[in-house]
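Single-letter residue listing:
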Amino acid sequence: MIEVGDHPWGVLAHPDGTTVYVANAHTETLSIIDTATNTVIETVLLGDGSRGDDHHVKGLALSPDGSRLYVTHMHADILTVLDTATNTVIDSVSFRDDGCEPRGICKHLHQLAVSPDGATLYLSFFFQEEVAVVDASTLALIDVVPVGDGDPGMNQGDGPKGLSLTPDGRRLYVALQFDNSVSVINTATLTVVNEIAVGPRPVADGLFMAITPRSSSNVGGAANGVTPDVAVCHNVSTGQRVQIPLQGTLSWNCTAQGLVVGPGDRIEQLFSGVAR
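Residues numbered from 1 in each chain as written. Predicted model: local features only at pLDDT ≥ 70, side-chain atom pairs only at ≥ 80, totals over all residues. Heavy atoms only, no water.

Visitor: Which residues make up the overall build of the protein, and what are the values?
Guide: The helix and strand tally for the protein stands at zero helices and 22 strands. Here the protein, with 276 residues, has 52% of them falling under the buried criterion. Within the protein, residue pairs in contact and separated by at least 24 positions form 45% of the contacts whose partners lie at least 6 positions apart. Summed over its atoms, the accessible surface of the protein is roughly 12,300 Å², and 49% of this surface lies on carbon and sulfur atoms. (Helix = DSSP H or I, 4+ residues; strand = E, 2+ residues; numbered from the N terminus. Buried < 20%, exposed > 50% of the residue type's maximum accessible area, 1.4 Å probe, protein only. Contact = heavy atoms within 4.5 Å. Areas by Shrake-Rupley, 256 points an atom, 1.4 Å probe, with all protein chains shown as cover.)

Below, the structure written as structure tokens:
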């Protein structure tokens, strides 16, 4: 067992396999673990340390080259950037506006995703019902994409949480916790192009998959670390979509359940469930 900070939430491994980062929600810190020794080699304070649980650091994402680590402060609506070579904070930005109380929960910045070229960040705002598009180099806001039912707030709304990009960066999937659905955003036009019904309360991060099948005879998937409730197979090329109730089954076959796949068709799969 490796001791880290209070209430560890986000966990992310560096692409080179030498380091693991842990966001400690209640202590406003980042624990940095050496995977060779399984020990914490450094603890980085995020912010000034005066707010503690008010910040609730949570989401983690790395730039494609691993040189930058992005951290979301959920309760404070702040994004922090670290240089992974020096483990120092090099930039931060607040997304609060005049309508937010200085120390209250407001937009609820939850998770983030980084485009494959490292140029763009996508941030989910749980209570605001929107995905912010941010320039990764300047942290300037580029655009905002509304998701959900358009009735944001702390006690209502659909609650966008987990984000995942397809490997080519063309589609962003947004889990809407209270709508039992996933919104699909075209990142070129920054518009919602699809709404997919899934299982209850889809909140898990990074569980969405995009594949291009090599054959049309056997397209499916498997869950790792999650007991899934439902899988959805979507042929983007034809528009056909098949929903598969899983009831704890860890794997599924899209074509066996009726998905028609031709050579070169683009297939997207997603599932929701409970972490094991």
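So that's the structure; there's more coming.
Visitor: An account of the pairing of strand E3 (residues 29-34) is requested, with residue identities and associated values reported.
Guide: Taking burial as the measure, the six residues of E3 include five buried ones, the bulk of the element. The sheet contact formed by strand E2 (residues 19-24) and E3 spans six bridges and is antiparallel. Bridge pairing links Val20 to Ile33 in E3. Connecting E2 to the antiparallel partner E3 that follows it, the hairpin turn spans four residues, and Glu28 within it adopts a positive phi of roughly 60 degrees. (Pairing = 2+ DSSP bridges.)

Visitor: Outline the state of the cysteines, listing residues and values.
Guide: The tally for this structure, following the rule as stated, stands at one disulfide. Here Cys233 is linked by a disulfide to Cys254, with a sulfur-sulfur distance of 2.1 Å. Linking Cys233 and Cys254, the disulfide has an S-S dihedral of approximately -70 degrees and is accordingly described as left-handed. Of this pair, Cys233 sits in strand E19 (residues 226-235) while Cys254 sits in the loop between strand E21 (251-253) and strand E22 (267-275), and the two are 21 residues apart along the sequence. (Disulfide = S-S within 2.5 Å.)

Visitor: Describe the nonpolar core, naming the residues involved and giving the relevant values.
Guide: With 15 residues, the main nonpolar core has Tyr70, Leu79, Phe95, Leu121 and Leu123 as its most contacted residues. Elements with a minimum of two residues in this core: strand E7 (78-83), strand E9 (109-114), strand E10 (120-125) and strand E11 (130-135). Those residues within four positions of Phe95 in sequence are excluded, and the remaining contacts are Asp77, Leu79, Lys107, Leu109, Leu123, Phe125 and Val134. Judged by nonpolar contacts, the second largest core, of 13 residues, contains Val133, Leu165, Leu176 and Ile185. (Core = buried A, V, L, I, M, F, W, Y, C linked by side-chain atoms within 4.5 Å.)

Visitor: Describe in detail the pairing of strand E4 (residues 39-45), supporting the description with residues and values.
Guide: In this sheet, E4 lies alongside E3 in antiparallel orientation, the contact comprising six bridges. Counterpart to Leu30 in the pairing with E4 is Val44. Counting the residues in the hairpin turn of E3 and E4 gives four residues, including Asn38, whose phi is positive at 55 degrees.

Visitor: Requested: an account of the sheet that holds strand E15 (residues 181-186), with residues and values cited.
Guide: Spatially, four strands are ordered E13-E14-E15-E16 in an open sheet, and the strand pairing comes out antiparallel. Looking along the sheet, the strands with just one partner apiece sit at the ends: strand E13 (160-165) and strand E16 (191-197). Going from strand to strand, the sheet's axes swing by 25 degrees on average, the running direction of each strand aside. Where E13 lies against strand E14 (residues 171-176), four bridges are found, and the strand directions are antiparallel. Paired with Leu165 across the bridge in E14 is Leu172. (Axes fitted to C-alpha atoms, helices over the stretch in contact; angles between N-to-C directions.)

Visitor: Mind laying out the environment of Thr37, listing which residues take part and the relevant values?
Guide: By the element assignment, Thr37 lies in the loop between E3 and E4. Take Thr37: its relative accessible area is 47%, and that puts it in the partly exposed class. Of note is the side chain of Thr37, whose polar atom sits 2.6 Å from the side chain of Thr39. (Polar contact = N/O pair within 3.5 Å; in protein donor to acceptor, adjacent residues only side chain to side chain.)

Visitor: Please set out the environment of Trp9 residue by residue, giving values where relevant.
Guide: Tracing the backbone shows Trp9 in strand E1 (residues 8-13). Judged by relative accessible area, which is 39%, Trp9 ranks as partly exposed. Spatially, the C-alpha atom of Trp9 lies 5.7 Å from that of Lys58, the residues being 49 residues apart in sequence. When near neighbours in sequence (up to four residues on either side) are disregarded, Trp9 contacts Ala23, Ala25, His56, Val57 and Lys58.

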